[in-house]
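A closer look at the structure
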Amino acid sequence: MAALVGPREYSLEPQRHPSLRINAKEPFNAEPPRAALVSSYITPVDLFFKRNHGPIPIVSDIDRYRVSVGGLVGKSIHLSMADIRKLPKYTVTATLQCAGNRRTAMSKRRKVRGVGWDVCALGNAIWGGARLCDVLELVGISKNSSATVNGGKHVEFISVDMCVEENGGPYKASIPLRQATNPDAEVLLAYEMNGEVINRDHGYPLRAVVPGVIGARSVKWLDSIKIIKEECQGFFMQKDYKMFPPIVDWHNIIWPTRKPQMDFPVQSAICSLNDDDVVDSNKITVTGYAVSGGGRGIERADISVDGGKTWFEARRQQKPGVPYVADGVSSDRWAWVLFSADVEVPADAEIVAKAVDSAANVQPEDVGTIWNLRGILNTSWHRVRARRTPRRSAAGLGHPRL
Ligand SMILES: Nc1nc2c(c(=O)[nH]1)N[C@H]1C(S)=C(S)[C@@H](COP(=O)(O)O)O[C@H]1N2
Ligand SMILES: [Mo]
């Protein structure tokens with residue numbers, strides 16, 4: 001039996017934190033509550049969103065586990081975890097975001113297909129592992145190459161989980177060789193998450209982490225890495241996770257007309273309030289996250305309490321002692337910013353957040369303009385309603401006030 005296997009059933013799933021909001025049970029898809037998500041810059045592993053397309057794979061014998069690296073290279077190799085750990089270890093703080101984050105809100109405008117997610121299908125972790133560019137050097141591919149002598153131009157990551165969408169085959173995805181071999185792109189083969197051995201839900205023993213790119217390309221439970229000519233032809237690259245215009249629907253979709261989505265656009269959401277919430281004061285603190293893909297830092301997050309007519313700039317809540325440098329050289333350029341704003345709100349307020357990234361990209365105002373049939377990349381302004389608790393006068397309702 002292979003050392004890494006994808007079971008057919010869901011009877012061997014790991015334990016999960018009881019506070020996770022479950023969006024689908026089998027495969028397991030869950031996100032943390034809003035307030036919990038923004039209570040720390042680094043998302044604790046048990047609260048980190050979990051996005052799966054099949055049962056969680058099992059490692060029967062870690063000493064026998066090998067990841068193969070082959071394809072359009074001279075000779076393929078098989079690396080044990082000991083081999084991977086021998087390479088220089090890097091840590092990268094990166095926010096992993098599912099392209100389906102905030103899908104539920106898009107579906108409210110017009111129905112889309114896919115797992116429903118609130119605003120917490122993302123998390124920020126310190127990933128530890130070997131750089132993909134160092135691993136590729138072991139098969140003779142030098143840094144910053146965009147093609148191999150054999151015509152390889154993409155790097156495919158293949159897992160062992162059995163996905164319905166792949167007719168029971170494994171999950172797979174690819175990234176361009178140029179990105180894979182670029183040290184500055186900081187693509188990792190990660191075996192640690194927040195300083196601990198990465199757990200089963202998040203890809204034990206080894207996963208790809210592609211910073212700044214939609215989560216779908218960060219393949220978990222790596223079985224093989226293949227250098228290929230064209231981008232991966234798997235379902236999740238070719239028939240999913242593509243951004244179509246609002247006019248395209250299931251009756252007129254032509255999948256090959258679009259490229260697989262890679263970088264994610266600028267995003268933000270308010271996490272201290274639910275969609276329709278009650279507040280007990282006219283002075284509240286609004287907290288949330290802002291993040292952008294492609295290594296673009298966050299320049300600003302703006303908050304409105306009047307539905308977007310006027311705006312305040314929110315302040316940053318960074319991890320203590322580390323100043324946030326938008327577009328800086330530190331690996332925090334892949335990470336989110338948590339923001340706060342102390343605002344005075346009317347009795348019935350529509351509170352809105354929008355972020356601006358280092359390239360001055362801004363979130364779109366209206367979800368309708370970015371509606372797409374798969375409900376990906378809902379980055380429209382995030383709006384919540386906050387209503388004041390109805391005041392009870394002292395003479396009021398006849399029961400004591402506590
Ligand atoms: N093997 C495998 N890798 C995968 C997936 C999967 O279902 N199988 N889901 C992808 C998607 S869509 C996302 S958003 C991220 C989620 O990573 P997480 O569960 O560690 O948060 O993993 C990606 N890698
Ligand atoms: Mo995803």
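Keep in mind that what you see is a predicted model, and the values were worked out from it rather than measured. (Residues numbered from 1 in each chain as written. Chains lettered and ligands numbered in written order. Predicted model: local features only at pLDDT ≥ 70, side-chain atom pairs only at ≥ 80, totals over all residues. Heavy atoms only, no water.)

Below, the discussion takes up the overall build of the protein. Along the protein, the regular secondary structure elements total 6 helices and 24 strands. Relative to the compact-globule value of 21 Å for 402 residues, the protein shows a C-alpha radius of gyration of 22 Å, a close match. By principal-axis analysis of the C-alpha atoms, the protein measures approximately 85 × 50 × 40 Å. The 402 residues of the protein split such that 55% are buried. Long-range pairs, those at least 24 residues apart, make up 73% of the contacts in the protein between residues at least 6 apart in sequence. Computed over 52 positive and 43 negative side-chain charges, the inter-centroid distance for the protein is 3 Å. (Helix = DSSP H or I, 4+ residues; strand = E, 2+ residues; numbered from the N terminus. Rg over C-alpha atoms; globule rule 2.2 N^0.38 Å. Buried < 20%, exposed > 50% of the residue type's maximum accessible area, 1.4 Å probe, protein only. Contact = heavy atoms within 4.5 Å. Lys, Arg positive; Asp, Glu negative; His and termini not counted. Charge placed at Lys NZ, Arg CZ, Asp CG, Glu CD.)

So, on to the environment of Ala-2. With respect to the helices and strands, Ala-2 occurs in the segment before strand S1 (4-5). For Ala-2, a relative accessible area of 45% puts it in the partly exposed group. Placed 286 residues apart in sequence, Ala-2 and Gly-288 show a C-alpha to C-alpha distance of 44 Å. In contact with Ala-2, other than residues within four places in its own chain, are Ser-60 and Arg-64.

Strands pair in a sheet through their backbones, by hydrogen bonds, and they do so in one of two ways: parallel or antiparallel. A sheet is described by the order of its strands in space; here 5 strands give the open sequence S17-S24-S23-S19-S20, paired in mixed fashion. Single-partner strands in this sheet number two, and they are strand S17 (276-279) and strand S20 (312-313). Summarising the sheet, S17 and strand S24 (residues 382-388) pair through 4 bridges and their orientation is parallel. When the sheet's bridge partners are listed, Val-278 is paired in S24 with Arg-387. (Pairing = 2+ DSSP bridges.)

For the structure on display, the rule yields 10 aromatic pairs. Seen in terms of ring centroids, Trp-311 and Trp-381 are 5.0 Å apart; in terms of plane orientation they differ by 85°. Their pairing is edge-to-face. Residue Trp-311 is located in the loop between strand S19 (298-304) and S20, and its partner Trp-381 is located in the loop between strand S23 (348-357) and S24; the two are separated by 70 residues in the primary sequence. Taking the relative accessible area as the measure of exposure, Trp-311 reaches 27% and is therefore partly exposed. The buried category is assigned to Trp-381, whose relative accessible area is 12%. Taken together, the ring pairs in this structure connect Phe-48, Phe-49, Trp-117 and Trp-127 into an aromatic cluster. The ring of Trp-371 is capped by Arg-110, whose NZ or CZ atom sits 3.6 Å from the centre of that ring. (Phe/Tyr/Trp six-rings, centres within 6.5 Å; stacked < 30°, edge-to-face > 60°. Lys NZ or Arg CZ within 6 Å of the ring centre and 35° of its normal.)

Quick look at the domain arrangement of the protein now. Here the protein is partitioned into domain 1 (2-257) and domain 2 (267-388). Spacing between the C-alpha centres of domain 1 and domain 2 amounts to 26 Å. Counting from both sides, the interface comprises 49 residues of domain 1 and, opposite them, 42 residues of domain 2. Buried surface at the junction of domain 1 and domain 2, summed over both partners, amounts to about 3800 Å²; 57% is from carbon and sulfur atoms. Viewed at the interface, domain 2 and domain 1 are joined by 5 salt bridges. Salt-bridge contacts for Arg-333 lead to Glu-186; the nearest nitrogen and oxygen are separated by 3.3 Å. (Domains from an automatic or database assignment. Buried area = accessible area lost by both parts, 1.4 Å probe. Salt bridge = Lys/Arg side-chain N within 4 Å of Asp/Glu carboxyl O.)

Further remarks concern the site of ligand 1. The immediate surroundings of ligand 1 are formed by 20 residues, with Phe-49, His-53, Asp-161, His-202 and Lys-220 found nearest. In the model, an oxygen atom of ligand 1 is placed 2.7 Å from a nitrogen or oxygen of the Phe-49 main chain. A distance of 2.7 Å is found between an oxygen atom of ligand 1 and a side-chain nitrogen or oxygen belonging to His-53. Within the complex, 100% of the 530 Å² of free accessible area of ligand 1 lies under protein. (Near = heavy atom within 4 Å. Polar contact = N/O pair within 3.5 Å; in protein donor to acceptor, adjacent residues only side chain to side chain. Areas by Shrake-Rupley, 256 points an atom, 1.4 Å probe, with all protein chains shown as cover.)

Moving on, we get to the confidence of the model for the protein. Mean pLDDT over the protein works out to 93, with 93% of the residues at or above the 70 mark. Taken element by element, the protein is modelled with least confidence in strand S21 (residues 315-317), mean pLDDT 81, and with most confidence in strand S14 (residues 207-209), mean pLDDT 99. Per-residue pLDDT stays below 50 along residues 325-329; that stretch engages in 7 contacts with residues further than four places along the chain or on separate chains. (pLDDT = per-residue confidence, 0-100.)

Where charged atoms of side chains with opposite charge meet at close range, the side chains can pair. By the definition in use, this model includes 24 salt bridges. Of the charged contacts in the structure, one is a salt bridge between Arg-21 and Glu-31, with a shortest N-O distance of 3.9 Å. With a gap of 10 residues between them, Arg-21 in strand S2 (residues 21-24) and Glu-31 in strand S3 (residues 29-31) connect regions that are remote in the sequence. In this structure, the salt-bridge partner of Lys-86 is Asp-83, at a minimum N-O distance of 3.5 Å. Taken together, the positions of Lys-86 and Asp-83, both in helix H2 (residues 81-86) and 3 residues apart, correspond to about one turn of that helix. Classification of Lys-86 as exposed rests on a relative accessible area of 67%. Overlapping salt bridges, with partners in common, bring together Arg-34, Lys-108, Asp-118 and Asp-275 in one network.

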